Number of protein chains: 2
Amino acid sequence: MAKAVSTSLVVKPGKHADLRGRDPGDRLGMADKAVGVQQLEALTERLAQLQNRLWAESARSVLLVLQGLDASGKDGAIRRVFTGVNPQGCRIVSFKVPTGEEPAHDYLWRVHRACPPRGDLGIFNRSHYEDVVATRVPPKIDDATAAHRYRHIREFERMLNDEGTTVLKVFLHLSNDEQRKRLQERLDDPAKNWKFQKADLDARGHWHEFQRIYEEVLTETSTEWAPWHVAPADHKWVRDVAIAGLLVEVLDRLDPKVPPSDPGLEDILVT
Amino acid sequence: MAKAVSTSLVVKPGKHADLRGRDPGDRLGMADKAVGVQQLEALTERLAQLQNRLWAESARSVLLVLQGLDASGKDGAIRRVFTGVNPQGCRIVSFKVPTGEEPAHDYLWRVHRACPPRGDLGIFNRSHYEDVVATRVPPKIDDATAAHRYRHIREFERMLNDEGTTVLKVFLHLSNDEQRKRLQERLDDPAKNWKFQKADLDARGHWHEFQRIYEEVLTETSTEWAPWHVAPADHKWVRDVAIAGLLVEVLDRLDPKVPPSDPGLEDILVT
């Protein structure tokens with residue numbers, strides 16, 4: 001894998017996301033799964049160290065936003081990349097259909113509430129991006145509303161970035177055929193039945209429509225301050241290396257510093 | 001008072017707020033206090049009816065943002081304008097110095113959380129505007145950060161407006177001399193002592209600096225979707241009529257509708 005995985009995966013701000021031109025089966029230059037597993041191990045170790053420094057510094061935060069179609073591996077990626085990372089200072093939030101007081105507010109209200117405090121690494125399993133994707137197949141909002149929301153989202157993330165939260169956005173890019181296989185597996189394997197819902201088939205029926213909308217969303221909301229990345233997701237190990245690699249890059253760039261120790265510690269003898 | 005009080009008080013988007021050109025002692029064309037008291041009574045009655053319809057409709061919300069120097073009458077205005085309005089569906093939030101988990105997040109985090117749900121009339125006694133005013137005397141943020149925040153705030157309020165919250169912003173415009181009198185009163189009247197803090201004198205020492213910053217803030221953040229209004233505040237009764245008048249105008253324009261009744265109610269006899 002090239003060192004800067006972000007360079008090959010980024011959706012350049014102002015350019016078309018071009019999902020069709022990106023291969024969901026790409027291996028990021030890794031020969032086989034064994035290489036990927038080794039890479040992931042090194043990356044998650046580095047991630048744990050960096051996250052610990054971010055937490056000790058307590059001045060800035062990082063927000064990872066994960067989006068992708070059903071079975072693209074959001075849950076799996078979270079399990080594999082963040083197992084081993086100190087859960088203190090690392091919070092995962094799953095956004096489902098809004099309930100309770102959530103729908104009584106604007107769509108960014110629950111998302112803003114859940115944003116990570118200084119020192120934290122926050123992970124969004126789905127996010128405000130559902131409000132410009134899931135709301136459109138079948139259409140619950142019109143194109144003009146979607147265009148307004150693109151602007152809200154760009155400006156919301158600009159504010160987060162200005163005020164100390166680095167936003168890393170990753171779209172898990174799955175092929176139509178691999179989605180078919182994974183959904184079939186959920187039906188065939190009793191241990192995976194709980195993950196299957198009939199609505200998944202309806203959504204799959206709109207596969208091309210979702211690709212088109214995601215392409216638009218990625219194009220419209222990839223910015224200098226919060227760019228999108230497209231992670232090839234047909235191979236789970238590639239997907240995990242991509243996410244871990246992107247996170248390590250972001251944290252390396254932030255280079256969080258453990259606070260200086262109190263002066264005079266060298267003279268203290270604990271008795 | 002002219003019917004559309006907003007026309008005379010608004011800071012036109014794109015124009016300079018020109019506080020020096022606005023008279024804090026203005027009476028909005030009312031002959032004397034007796035006229036004002038009568039006006040206020042009519043306005044608060046109308047306000048109560050409209051707020052009830054807003055609450056019944058439960059589809060949109062209104063947010064009143066009150067800003068002003070010490071002793072400009074924010075607390076007094078809230079007491080006089082909203083006593084008599086159904087407290088259900090009407091929530092007042094006072095923003096003081098951030099505490100607890102608030103300072104661990106961006107400055108809009110606690111403000112967004114407190115925004116009114118559909119059906120509610122929300123009142124902010126101070127607001128996110130303190131983050132571009134109080135933070136600058138003495139300066140805790142630089143001018144570049146303030147300029148970034150102007151943009152965040154404009155875009156945040158645009159989003160609120162797009163998603164169903166009408167934002168009404170009122171600056172209580174008090175003269176230097178009237179502030180002096182009111183602060184002296186707080187010192188002289190034991191019943192008002194609790195409202196006085198020594199820090200108020202420090203702030204008063206920076207009176208001209210605060211005027212300059214408020215002028216900049218009003219100029220930079222008065223928008224088509226969330227314009228500022230400058231309410232003359234030297235006369236408390238004028239201030240109250242101005243706020244109530246502005247709110248009634250906003251609610252009249254929204255024209256909230258009580259939901260239609262269930263069909264067939266006319267055939268039901270309660271036994």
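Only a predicted model underlies this, so the values are computations on that prediction, with no experimental measurement involved.

## Some details on the interface of chain B and chain A
Now for step 1: Each side of the interface is counted separately: chain B has 23 residues, and chain A has 23 residues.
Now for step 2: Between chain B and chain A, roughly 2200 Å² of surface is buried when both sides are summed, and carbon and sulfur atoms account for 50% of that area.
Now for step 3: On inspection of chain B and its partner chain A, the count reaches 4 salt bridges.
Now for step 4: Between Arg151(A) and Glu155(B) there is a salt bridge whose closest N-O contact spans 2.9 Å.
Now for step 5: One can count 21 residue pairs in polar contact (both at pLDDT 80 or more) joining chain B with chain A.
Now for step 6: Secondary-structure elements contributing two or more residues to the side of chain B that touches chain A are helix 4 (109–113) and helix 5 (143–162) of chain B.
Now for step 7: Considering each element in turn, the side of chain B that touches chain A owes the most residues, 9 residues, to helix 5 of chain B.

## Re the side chain of Arg158(B)
Now for step 1: Following the sequence through the fold, Arg158(B) ends up in helix 5.
Now for step 2: Residues contacting Arg158(B), with those up to four places away along its chain left out, are Arg151(A), His152(A) and Trp225(B).

## Re the sheet that holds strand 3 (residues 121–125) of chain A
Residue and element names in this part refer to chain A.
Now for step 1: Taken together, the 5 strands give an open sheet; going across it, the order is 2-3-1-4-5, and neighbouring strands pair in parallel fashion. Every other strand in the sheet has two partners, leaving strand 2 (90–94) and strand 5 (228–232) as the edge strands with one partner each. The average undirected angle you get between the axes of adjacent strands in this sheet is 20 degrees.
Now for step 2: As defined by bridge partners, strand 1 (residues 61–68) adjoins strand 4 (residues 165–173) across 8 bridges and the pair is classed as parallel. Looking at strand 4, one finds that Gln 67 is bridged to Phe 171.
Now for step 3: Helix 9 (residues 236–254) rests against strand 1, strand 3, strand 4 and strand 5 of the sheet, and its axis sits at about 165 degrees to strand 4.

## Regarding the nonpolar core
In globular proteins that are soluble, nonpolar side chains generally tend to be buried together.
Now for step 1: In terms of nonpolar packing, the biggest core is built from 68 residues, with Phe124(A) and Phe124(B) touching the most fellow members.
Now for step 2: Discounting chain neighbours no more than four positions away, the residues touching Phe124(B) are Leu63(B), Leu64(B), Val65(B), Leu66(B), Val93(B), Phe95(B), Val111(B), Ala114(B) and Cys115(B).
Now for step 3: Core analysis: the next-biggest nonpolar cluster, separate from the first, contains 40 residues, Leu47(A), Val62(A), Leu64(A) and Ala71(A) among them.

## Observations regarding a nonpolar patch on the surface
Residues and elements named next belong to chain A.
Now for step 1: Side chains of Leu 265, Ile 268 and Val 270 sit close together on the surface and give an oily, nonpolar patch of about 330 Å² of accessible area.
Now for step 2: Mapped onto the elements, Val 270 comes out in the segment after helix 9.
Now for step 3: The exposure class assigned to Val 270 is exposed, which follows from its relative accessible area of 78%.

Thresholds applied
- Residues numbered from 1 in each chain as written.
- Chains lettered and ligands numbered in written order.
- Predicted model: local features only at pLDDT ≥ 70, side-chain atom pairs only at ≥ 80, totals over all residues.
- Heavy atoms only, no water.
- Contact = heavy atoms within 4.5 Å.
- Buried area = accessible area lost by both parts, 1.4 Å probe.
- Salt bridge = Lys/Arg side-chain N within 4 Å of Asp/Glu carboxyl O.
- Polar contact = N/O pair within 3.5 Å; in protein donor to acceptor, adjacent residues only side chain to side chain.
- Helix = DSSP H or I, 4+ residues; strand = E, 2+ residues; numbered from the N terminus.
- Pairing = 2+ DSSP bridges.
- Axes fitted to C-alpha atoms, helices over the stretch in contact; angles between N-to-C directions.
- Core = buried A, V, L, I, M, F, W, Y, C linked by side-chain atoms within 4.5 Å.
- Buried < 20%, exposed > 50% of the residue type's maximum accessible area, 1.4 Å probe, protein only.
- Patch = residues over 30% accessible without salt bridge, like charges linked within 9 Å, V, L, I, M, F, W, Y side chains within 5 Å.
- Areas by Shrake-Rupley, 256 points an atom, 1.4 Å probe, with all protein chains shown as cover.

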